[in-house]
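# Reading the structure
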Amino acid sequence: MPAALRIIAGKYRGRRLKSPPTLQTRPTSDRLRETLFNILAPRIEGARFLDLCAGSGAVGIEALSRGAAHVTFVDQSRKMCTLIEANLDALNVDEGEADVVGFEGSEFLRKRAKKTARPFDLIFFDPPYQSDYEGVMNYLGESPTRWLVEDGVLIVEHHKKREFAEQCGALKRNRVVKQGDSCLSFYRAGPQ
């Protein structure tokens, strides 16, 4: 049984989240989420946040707890979307603060590209470790201003043994943080 998930800081601090029922979904650990949000602290207040391949929704809910204005949760699993909605309901998150979308990551991006939509301040991308990361990362990098505000950040969680290019289109990696078996790679759009 997976470990219980909890919100680390902010208005929902200490609240427990429902966890995925199986180990097929690998939630971002409390420790790695804490590291992530310590880094993002100056950017999170009022941010528009995309949790791409959201799983339990713990990362996006942590963003809401710490002051993000809106989070879009995307996951291809209907069960995970239901779990995210249950977690949001348990916390009484206002409908205007979150959207839960049932699509595979690249499918969501392709459909959203056809619409005029505001870019995100932060995108957190955490697919299963064996996934095709590069396809989504390169797609985001082809036209980053469609997806990210000028100084927006793409954060990719991946296994520590997996290496990525320094640059994906117009997105350039400017930081890598390793913790346990996981890494966070940070890519910026706009001036470095």
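For the structure itself, consult the block above.
Anyway, here's the lowdown on the structure attached to this text. Note that this is a predicted model, so its numbers are computed, not measured. (Residues numbered from 1 in each chain as written. Predicted model: local features only at pLDDT ≥ 70, side-chain atom pairs only at ≥ 80, totals over all residues. Heavy atoms only, no water.)

### Some remarks on the sheet that holds strand 6 (residues 120-125)
Pairing is mixed across the open sheet formed by 8 strands, whose spatial order is 5-4-3-6-7-10-9-8. Edge positions in the sheet fall to strand 5 (98-101) and strand 8 (167-168), since each has one partner strand and no second. Where strand 8 lies against strand 9 (residues 171-179), 2 bridges are found, and the strand directions are antiparallel. Residue pairing in the sheet places glutamine 167 in a bridge with lysine 172 of strand 9. Those strands touched by helix 3 (residues 78-90) are strand 4 (70-74) and strand 5, and its axis lies near 160° from that of strand 5. (Pairing = 2+ DSSP bridges. Helix = DSSP H or I, 4+ residues; strand = E, 2+ residues; numbered from the N terminus. Contact = heavy atoms within 4.5 Å. Axes fitted to C-alpha atoms, helices over the stretch in contact; angles between N-to-C directions.)

### Some thoughts on helix 5 (residues 133-142)
For an α-helix the count is 3.6 residues per turn, leaving residues at separations of three or four pointing the same way. For helix 5, the complete set of buried residues consists of Tyr133, Val136, Met137, Leu140 and Gly141. The buried residues of helix 5 all sit within an arc of 135° when viewed along its axis, so they share a single face. (Buried < 20%, exposed > 50% of the residue type's maximum accessible area, 1.4 Å probe, protein only. Arc of directions from axis to C-beta.)

### Overview of the pattern of salt bridges
Applying the stated criterion to the full structure yields 7 salt bridges. The shortest N-O distance in the salt bridge between arginine 33 and glutamate 62 comes to 3.0 Å. Within this pair, whereas arginine 33 is found in helix 1 (residues 30-44), its partner glutamate 62 is found in helix 2 (residues 58-65), the two being separated by 29 residues in sequence. In this structure arginine 33 comes out as buried when scored by relative accessible area, which is 0%. Owing to a relative accessible area of 0%, glutamate 62 belongs among the buried residues under this scheme. (Salt bridge = Lys/Arg side-chain N within 4 Å of Asp/Glu carboxyl O.)

### With respect to a positive patch on the surface
Where like charges cluster on the molecular surface, the positive patch consists of Arg110, Lys111, Lys114 and Lys115. Tracing the backbone shows lysine 111 in helix 4 (residues 105-113). (Patch = residues over 30% accessible without salt bridge, like charges linked within 9 Å, V, L, I, M, F, W, Y side chains within 5 Å. Areas by Shrake-Rupley, 256 points an atom, 1.4 Å probe, with all protein chains shown as cover. Lys, Arg positive; Asp, Glu negative; His and termini not counted. Charge placed at Lys NZ, Arg CZ, Asp CG, Glu CD.)

### A look at the nonpolar core
Leu36, Phe49, Phe73 and Ile155 are the most contacted members of the largest nonpolar core, which has 32 residues in total. When contributions to this core are tallied by element, the ones reaching two or more residues are helix 1, helix 2, strand 4, helix 3, strand 6, strand 7 (148-159) and strand 10 (182-188). (Core = buried A, V, L, I, M, F, W, Y, C linked by side-chain atoms within 4.5 Å.)

### Here we look at the packing of aromatic side chains
Under the counting rule described, the total for this entry stands at 4 aromatic pairs. On the numbers, 5.7 Å between centres and 70° between planes, the contact of phenylalanine 125 with tyrosine 133 is edge-to-face. Ring geometry for tyrosine 133 versus phenylalanine 164: centroids 5.1 Å apart, planes at 50°, classification tilted. Separated by 31 residues along the polypeptide, tyrosine 133 in helix 5 and phenylalanine 164 in the loop between strand 7 and strand 8 bring together distant segments of the chain. Tyrosine 133 sits in the buried class, given a relative accessible area of 0%. By relative accessible area, phenylalanine 164 is classed as buried at 8%. Site record: aromatic cluster; members linked through ring pairs are Phe125, Tyr133 and Phe164. (Phe/Tyr/Trp six-rings, centres within 6.5 Å; stacked < 30°, edge-to-face > 60°.)

### Some words on the packing of helix 1 against helix 2
Across the interface, helix 1 lies against helix 2 with an axial gap of 11 Å and an inter-helix angle of 40°. Taken together, the axis directions place helix 1 and helix 2 in an arrangement best described as oblique. The crossing of helix 1 and helix 2 is right-handed. Here Arg33, Leu36, Phe37 and Ile44 of helix 1 lie close against helix 2, whose contacting residues are Ala58, Val59, Glu62 and Ala63. (Parallel < 35°, antiparallel > 145°, perpendicular 65-115°, else oblique. Left-handed = near helix turned anticlockwise from the far one by under 90°.)

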